[in-house]
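One letter stands for each residue in the lines below.
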Amino acid sequence: MRQIITRRQALTTGLVAGAGTMLAGCDKLGQNETVRKILYKDSDWNNSLQRSLSTAHSLAPQFRPDQRSPIFRVNGTANPNTDEYNAHVANGFADWKLVVDGLVERPLKLSLADLRSMPLKSQITLHNCVEGWSAIGQWVGPQLKTVLDAAKLKSAARFLVFHCADHYHGSPWPYYESIDLYDAFHPQTLLALGLNNHLLSVGHGAPVRLRAERHLGYKQAKYVMRVEAVATLEHIYRGHGGFWEDAAGYEWYAGI
Ligand SMILES: Nc1nc2c(c(=O)[nH]1)N[C@H]1C(S)=C(S)[C@@H](COP(=O)(O)O)O[C@H]1N2
Ligand SMILES: [Mo]
């Protein structure tokens, strides 16, 4: 809880300070109606927000290849096991598409080939599960930022929701998670396609999973089918921003 408040306060303070500086610096110009319109157009505000966020990222620690854990366990859903998912597995996800929609200018449907043709990033990081285990693994995939730059967020977008293929233990709603724009544009936030030099296994979330490295294990959504940009999380399932947040009151931010 303390982390949520601290971080939100930091972010808010940063934004307020930034806006203040801009106002002071542009006082004269601001009197011109045209300039004022350009300065305060929603999209410009959103762009400058994204710019200021992308320079302020703090990085999760990274490790050497020899520090990788010999075993990276599978946790939570080990196989979505729906007819639809099984059909995708059977043909190597050849017809599978990642949907990117919601508050975006250009909704996308990306094949695995599309995702693989983007610049890929590799990182060796520590995964922390609240159930009391951790493991170091090497993840590879495009940065989420690359996909979002292609889809172009609308100015009202504030969160990205990751909709998954699995219903955890037969739950009435699918697994899902969400992150804010800070983490969406974080350089270590990947749509991971591989773990430890192998394509993702079904257990680890094939064909694509989220890696948001400054967060606990349950944020790392496996089996991501759809990335939805939203203005608020309140209309998504029970409104707490994630499966475990809704089901058991887990903390939404879940920073480490
Ligand atoms: N779709 C989906 N994503 C999920 C889960 C899940 O059950 N379903 N479990 C979460 C939890 S609690 C953890 S610790 C990690 C486990 O990832 P792994 O199986 O690759 O170790 O995935 C997270 N993402
Ligand atoms: Mo976990």
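Everything numeric here is computed off the predicted structure, so don't read it as measured data.

What counts as what
Along each chain, residues carry numbers from 1 onward, in the same order as the chain's sequence is written. In the order they appear in the text, chains get letters beginning with A and ligands get numbers beginning with 1. With the structure being a predicted model, the display of local features is reserved for residues of pLDDT at least 70 and the display and counting of side-chain atom pairs for 80 or more, all residues being used for whole-chain, interface and lining totals. Based on all heavy atoms of the structure, the side-chain values leave hydrogens and waters out of the count. Residues are counted as near a molecule or strand when any one of their heavy atoms sits within 4 Å of it. Residues adjacent in sequence count toward polar contacts only when both atoms are side-chain atoms; beyond that, a polar contact is any pair of N or O atoms within 3.5 Å, and within protein one must be able to donate a hydrogen and the other to accept it. Note on areas: Shrake-Rupley with a 1.4 Å probe; residue coverage comes only from the protein chains shown. Detection works on a 1 Å grid of protein atoms alone, calling trapped sets that fit a 1.4 Å probe cavities and calling open sets with protein on both sides within 12 Å along at least five of seven lines pockets, with lining residues defined by an atom within 4 Å of a point. Pocket or cavity membership: a molecule qualifies when more than half of its atoms sit within 2 Å of the grid points of that site. Here the term charged refers only to Asp, Glu, Lys and Arg, the term nonpolar to Ala, Val, Leu, Ile, Met, Phe, Trp, Tyr, Cys and Pro, and the term polar to all other amino acids, Gly among them. Take a side-chain nitrogen of Lys or Arg and a carboxyl oxygen of Asp or Glu: if they are within 4 Å of each other, that pair is a salt bridge. Helix and strand assignments follow DSSP, with helices taken as H or I runs no shorter than four residues and strands as E runs no shorter than two, numbered in order from the N terminus. Working definition: with a 1.4 Å probe on protein chains only, accessible area under 20% of the residue-type maximum means buried, over 50% means exposed, and in between means partly exposed.

(A) Region of interest: the site of ligand 1. Near ligand 1, the surroundings consist of 22 residues, among which Arg73, Asp166, His204, Arg209 and Lys222 are the closest. In the environment of ligand 1, an oxygen atom lies 2.9 Å from a nitrogen or oxygen atom belonging to the backbone of Thr77. In isolation ligand 1 has 530 Å² of accessible area, and contact with the protein removes 98% of it. When atom positions are compared with the pocket grids, ligand 1 is found to occupy the second largest pocket. Looking at the shell around ligand 1, its residues break down into ten nonpolar, eight polar and four charged.

(B) Geometry of the pattern of salt bridges. Applying the stated criterion to the full structure yields eight salt bridges. In this structure, Asp149 and Lys145 form a salt bridge, with 2.8 Å as the shortest nitrogen-oxygen distance. Of the two residues, Asp149 and Lys145 are both situated in helix α7 (residues 144-151); the distance of four residues between them amounts to about one turn of the helix. Overall, Asp149 belongs to the partly exposed group, its relative accessible area being 40%. Put simply, Glu213 and Arg211 hold a salt bridge, and the shortest N to O gap is 3.1 Å. According to the relative accessible area criterion, Glu213 is buried, its value standing at 4%.

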